[in-house]
Amino acid sequence: MQQEVNMEEEYSCDFMDLERFRDEMLPFMGMAGQEERRKMDAAIAQIRADWPGREKILQKQHGAYYYEYAIKDGLLYDRAGKAIAPAVGKPVYLLFTSSAQSDLTRAIMAYTHSNYYHVSVALNENLMNLYSFAPAGQQEGWQGGFCSDSIVHYKRDNWLIRVSCIFVSETDYRVIMGALSEFGKNDRDTQYNYQGLIRYILGRKEETNPYCMFCSQFVRYLFGQIGIELVKKEPCFTSPEDIASLDASSGVYRLYDGEAGLYRKERILETVRSVMGL
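What you are looking at is a predicted structure, and each value in this text was computed from that prediction instead of being measured.

**A look at the overall build of the protein**
Here is step 1: Counting its secondary structure elements, the protein contains nine helices and 12 strands.
Here is step 2: Taken against the 2.2 N^0.38 rule, which gives 19 Å for 278 residues, the C-alpha radius of gyration of the protein at 19 Å falls within 12% of a compact globule.
Here is step 3: A total of 278 residues make up the protein; the buried ones form 51% of that total.
Here is step 4: Across the protein, the fraction of contacts at a sequence separation of at least 24, relative to all contacts at a separation of at least 6, is 70%.
Here is step 5: When the accessible surface of the protein is totalled, it reaches about 13,200 Å², and 48% of it is carbon and sulfur.
Here is step 6: The average position of the 31 basic charges and that of the 38 acidic charges among the side chains of the protein differ by 5 Å.

This is the structure in structure tokens:
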């Protein structure tokens, strides 16, 4: 298994922690040259410059927005009147998180010009079991890796979220269930891919290690098991925004944007039925 630097302390407080992250990770990865340092310094400067504007955008987001679809003459239309193909199969849900709680998560949002820093997968609309890879800090003594969360925590703090879904066949649905079960059995052997964040900035490609991923890399890996590519870039260069920005033209149906506390699974079920033309 790929060895990782000890990340017992969560990178939070202020953007000075990104410099500490840089100073620990570059030598550990054998990338302590001037070029690597220059690229990391430029990235940190960009994050510091871009975050205030991103924060203002987030502060304006409130309420709840449920996407609507309608069938007319055998065609499915979104709210804007754009015709799209009706969905077939079983929905697998994607939840994107927008309420950053640390410098690391704020940095992901600023660097990728996104309102989202995390993506997880759920198998039903109640979102009580959300699966992903996450960094350290969510549980005491936990060093990061594969984890299971729940929308209950997001509702408690009323985080901003987006919910989308992808429809898959019954066979592919079982493949995803099996993969998630295997991750759950081996969660103690998994790690969060901190090194992958550095390689993302440096533009250094890496092969996906299913025991060591970041969240969007995990989603790419999971759907890759059933032949769904999602986006046309390497998994190691895929951000949560790359997936969150997909719409029905890519086979990803947006269902909800807004406060987690206002999310209602009954409304989502109605939307899913309409997407399927039911």
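**Brief notes about the confidence of the model for the protein**
Here is step 1: In this model, the protein carries an average pLDDT of 89, and 93% of its residues clear a pLDDT of 70 or more.
Here is step 2: Predicted confidence is poor over residues 1–13, with pLDDT under 50, and the contacts of this stretch with residues over four places away or in other chains come to 45 contacts.

**Points about the sheet that holds strand β3 (residues 75–78)**
Here is step 1: Reading across from one edge, β2-β3-β4 is the order of the three strands in this open sheet, with antiparallel pairing throughout. Each of the sheet's edge strands pairs with one partner strand only, and the pair in question is β2 (69–72) and β4 (83–84).
Here is step 2: Lying over the sheet, helix α9 (residues 265–275) contacts β2 and β3, oriented at roughly 30° with respect to β2.

**Let's talk about unusual backbone geometry**
What you tend to see is this: most non-glycine residues have negative phi, and most peptide bonds are trans.
Here is step 1: Non-glycine residue His 113 carries a positive phi angle of around 55°.
Here is step 2: Following the sequence through the fold, His 113 ends up in the loop between α3 (103–111) and β6 (118–122).
Here is step 3: The backbone phi angle of Leu 230 is positive, close to 70°, even though this residue is not glycine.
Here is step 4: Checked against the element boundaries, Leu 230 lands in the loop between α7 (215–224) and α8 (240–244).
Here is step 5: Taking the relative accessible area as the measure of exposure, Leu 230 reaches 16% and is therefore buried.

**Looking at the pattern of salt bridges**
Here is step 1: Using the criterion set out here, one finds 18 salt bridges in the structure.
Here is step 2: For the salt bridge of Glu 19 with Arg 48, the shortest nitrogen-to-oxygen distance reads 3.0 Å. Placement of Glu 19 in helix α1 (residues 16–28) and of Arg 48 in helix α2 (residues 34–59) is noted, with a sequence separation of 29 residues between them.
Here is step 3: Asp 23 is the salt-bridge partner of Arg 37, the closest N and O atoms lying 2.9 Å from each other. Here the residue Arg 37 occupies a position in helix α2, and Asp 23 occupies one in helix α1, the gap between them amounting to 14 residues.
Here is step 4: By relative accessible area, which is 36% here, Arg 37 ends up partly exposed.
Here is step 5: One network of salt bridges, with partners in common, ties together Arg 22, Asp 23, Arg 37 and Asp 41.

**Observations regarding the pairing of β3**
Here is step 1: One ladder, built from four bridges, connects β2 with β3; its direction is antiparallel. Bridge pairing links Ile 71 to Leu 76 in β3.
Here is step 2: What sits between the antiparallel neighbours β2 and β3 is a turn of two residues, in which Asp 73 has the positive phi angle 55°.
Here is step 3: Here β3 folds back onto β4, and the loop between the two strands holds four residues, one of which, Gly 81, carries a positive phi near 90°.

Basis of the calculations
- Residues numbered from 1 in each chain as written.
- Predicted model: local features only at pLDDT ≥ 70, side-chain atom pairs only at ≥ 80, totals over all residues.
- Heavy atoms only, no water.
- Helix = DSSP H or I, 4+ residues; strand = E, 2+ residues; numbered from the N terminus.
- Rg over C-alpha atoms; globule rule 2.2 N^0.38 Å.
- Buried < 20%, exposed > 50% of the residue type's maximum accessible area, 1.4 Å probe, protein only.
- Contact = heavy atoms within 4.5 Å.
- Areas by Shrake-Rupley, 256 points an atom, 1.4 Å probe, with all protein chains shown as cover.
- Lys, Arg positive; Asp, Glu negative; His and termini not counted.
- Charge placed at Lys NZ, Arg CZ, Asp CG, Glu CD.
- pLDDT = per-residue confidence, 0-100.
- Pairing = 2+ DSSP bridges.
- Axes fitted to C-alpha atoms, helices over the stretch in contact; angles between N-to-C directions.
- Salt bridge = Lys/Arg side-chain N within 4 Å of Asp/Glu carboxyl O.

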